[in-house]
Amino acid sequence: MLTATPRLEMTQLSRDYDGVRVVSDLSLTLSPGEVTCLLGPSGCGKSTTLRMAAGVEGPSAGTVNIDGERVADASFSLPPEQRSVGLMFQDFALFPHLDVARNVAFGLKGSRSEKAARVTELLDRVGLSNYGTKFPHQLSGGEQQRVALARALAPRPAIMLMDEPFSGLDNRLRDGIRDRTLDILREEGTAVLLVTHEPDEAMRMADKIALMRDGRIVQIGAPYTIYAKPVDQKAAAFFSDVNVVHGVVQDRQTETPFGLFLTPGLVDGADVEIVFRPQHCRLDFDRKDTPVHPTVEHGVPARGTVIRARFMGNQSLVELEMDHDGSLLKAVVPGVFMPPVGTPLVLSLRRDHAHVFPCATQSRVSNPWDTPKD
Ligand SMILES: Nc1ncnc2c1ncn2[C@@H]1O[C@H](COP(=O)(O)OP(=O)(O)OP(=O)(O)O)[C@@H](O)[C@H]1O
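These numbers come from a predicted model, not from an experiment.

Draft legend 1. Representation of the domain arrangement of the protein in the model. Under the domain assignment, the protein is made up of domain 1 (8-236) and domain 2 (242-358). On a C-alpha basis, the centroid separation for the pair domain 1 and domain 2 is 41 Å. Contacts between the two partners involve 8 residues from domain 1, matched on the other side by 8 residues from domain 2. Summed over both partners, the interface of domain 1 with domain 2 comes to about 730 Å²; 56% of that surface belongs to carbon and sulfur atoms. Scanning the region where domain 1 abuts domain 2 turns up 0 salt bridges. Contributing elements (two or more residues each) for the side of domain 1 that touches domain 2: helix H7 (223-228) and helix H8 (233-237). Tallied by class, the residues present in the side of domain 1 that touches domain 2 amount to 5 nonpolar, 1 polar and 2 charged.

Here it is in structure tokens:
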């Protein structure tokens, strides 16, 4: 269950390397039992942030608190072993000369029998009850990952910090191990900070996603919010291909081949982008003799010609060259739809899934669902 007291509280954290700021003014809190994913492209500062939470690095500015206690600021940083944190990285880093039971017991304090009981409990939890006397080299990648999880959980850390812990695993294993790992972390009430550059992994695992770019968090929210209400075009494009249609504001609205979009608060002449995902497009055959009618849900359809169609399993990707300006737009439609190159089609978009951003500041200004009927 989530409570109001944060387990980990990072406030206005920054980190410089050789005078270059790689994490900037970053604030983030983690609650017990909550999984937060730091998601972003390579080099955006995810691992540096995680290392500051762990105590492997100290911040150049800002503070880190764990359970209300200051563990780091610009002048000091408690080392990892003095913080209640568990660490898991891509290479499981098991001790090769210790058997599984001794690997799990490594960081444990207490009497021999207490340690043995905790090791037994954890090996049972990760489904490796009979593996205590095996050595790491005798285990598969998935089994090693489970031992690493048991070892990290053994001292009952308040916080689990995980840096791409599943990326070394075979695809077939990964989903099952991810789900089971999450179940165990939730059962333990551990607050989790998971670093990943894979949107699918973040969407699947996170209660909360912190989307990073250039050392900053650009958006924090539940996976659905981050996906459905991106703050800008780059945030939208991090999760899937996007289509972008340009327009110019006139009288607080912007006219496009897909109809009018409200753009309140923007001055006449401002450039805007209408951004929408291929999954939110609809295709219809172009019956040239029959006019295409706008609808509230899909706005005005625009004409285009098929330049490519690809089958992708349970859906098809169709690319169109648009009649109005020769731009390329993509539509993903369910099932098998493979129109030949040159087929005229009309494309419309789900207006409640389209986003309007001013080109200069790239921040979200409105939901075009409010757009009046054309
Ligand atoms: N010890 C260091 N010394 C100098 N620069 C560093 C150091 N560690 C990281 N950096 C730089 O800081 C920036 C952020 O690196 P970081 O590893 O935090 O990014 P990341 O988002 O985790 O990337 P990836 O997904 O590729 O691991 C990068 O430009 C990196 O080169």
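Now that the structure has been shown, the text picks up again.
Draft legend 2. Structural view of the packing of helix H3 (residues 112-125) against helix H5 (residues 171-188). It is the contact of H3 with H5, at a shortest axis distance of 11 Å, that shows an interaxial angle of 140°. Taken together, H3 and H5 sit at an angle that is classed as oblique. Here Arg118, Glu121 and Arg125 of H3 lie close against H5, whose contacting residues are Arg180, Ile184, Glu187 and Glu188. Of the residues assigned to the contact of H3 with H5, the class counts are 1 nonpolar, no polar and 6 charged.

Draft legend 3. Fine view of the site of the ligand. Neighbouring the ligand are the residues Tyr17, Val22, Pro41, Ser42, Gly43, Cys44, Gly45, Lys46, Ser47, Thr48 and Arg51. Within the backbone of cysteine 44, an N or O atom sits 3.0 Å from an oxygen atom of the ligand. Between an oxygen atom of the ligand and a side-chain N or O atom of threonine 48, the distance comes to 2.5 Å. Calculation on the ligand without its partners gives an accessible area of 640 Å², and the protein chains cover 58% of this total. At 4 residues, the largest contribution of residues to the shell around the ligand is made by helix H1 (residues 46-54).

Draft legend 4. Expanded view of the packing of aromatic side chains. The final tally for this structure, using the stated rule, is 5 aromatic pairs. When the ring of phenylalanine 95 is compared with that of phenylalanine 106, the centres are 4.5 Å apart and the planes differ by 45°; the resulting orientation is tilted. Taken together, the residues span a long stretch of sequence, with phenylalanine 95 in the loop between strand E7 (85-89) and helix H2 (100-105) and phenylalanine 106 in the loop between H2 and H3 at a distance of 11 residues. Under the relative-accessibility criterion, phenylalanine 106 is labelled exposed at 53%.

Draft legend 5. Layout of the nonpolar core. In terms of nonpolar packing, the biggest core is built from 40 residues, with Val104, Leu149, Met160 and Met162 touching the most fellow members. The dominant element in this core, judged by the number of residues it contributes, is helix H4 (residues 141-153), at 6 residues. With sequence-adjacent residues up to four places away left out, methionine 160 is seen in contact with Gly86, Leu87, Met88, Leu149, Ala152, Leu153, Leu185, Thr190, Ala191, Val192 and Leu193. Within the second largest apolar cluster, 27 residues are counted, among which are Leu50, Met52, Ala54 and Val85.

The rules behind these values
- Residues numbered from 1 in each chain as written.
- Predicted model: local features only at pLDDT ≥ 70, side-chain atom pairs only at ≥ 80, totals over all residues.
- Heavy atoms only, no water.
- Domains from an automatic or database assignment.
- Contact = heavy atoms within 4.5 Å.
- Buried area = accessible area lost by both parts, 1.4 Å probe.
- Salt bridge = Lys/Arg side-chain N within 4 Å of Asp/Glu carboxyl O.
- Helix = DSSP H or I, 4+ residues; strand = E, 2+ residues; numbered from the N terminus.
- Nonpolar A, V, L, I, M, F, W, Y, C, P; charged D, E, K, R; others polar.
- Axes fitted to C-alpha atoms, helices over the stretch in contact; angles between N-to-C directions.
- Parallel < 35°, antiparallel > 145°, perpendicular 65-115°, else oblique.
- Near = heavy atom within 4 Å.
- Polar contact = N/O pair within 3.5 Å; in protein donor to acceptor, adjacent residues only side chain to side chain.
- Areas by Shrake-Rupley, 256 points an atom, 1.4 Å probe, with all protein chains shown as cover.
- Phe/Tyr/Trp six-rings, centres within 6.5 Å; stacked < 30°, edge-to-face > 60°.
- Buried < 20%, exposed > 50% of the residue type's maximum accessible area, 1.4 Å probe, protein only.
- Core = buried A, V, L, I, M, F, W, Y, C linked by side-chain atoms within 4.5 Å.

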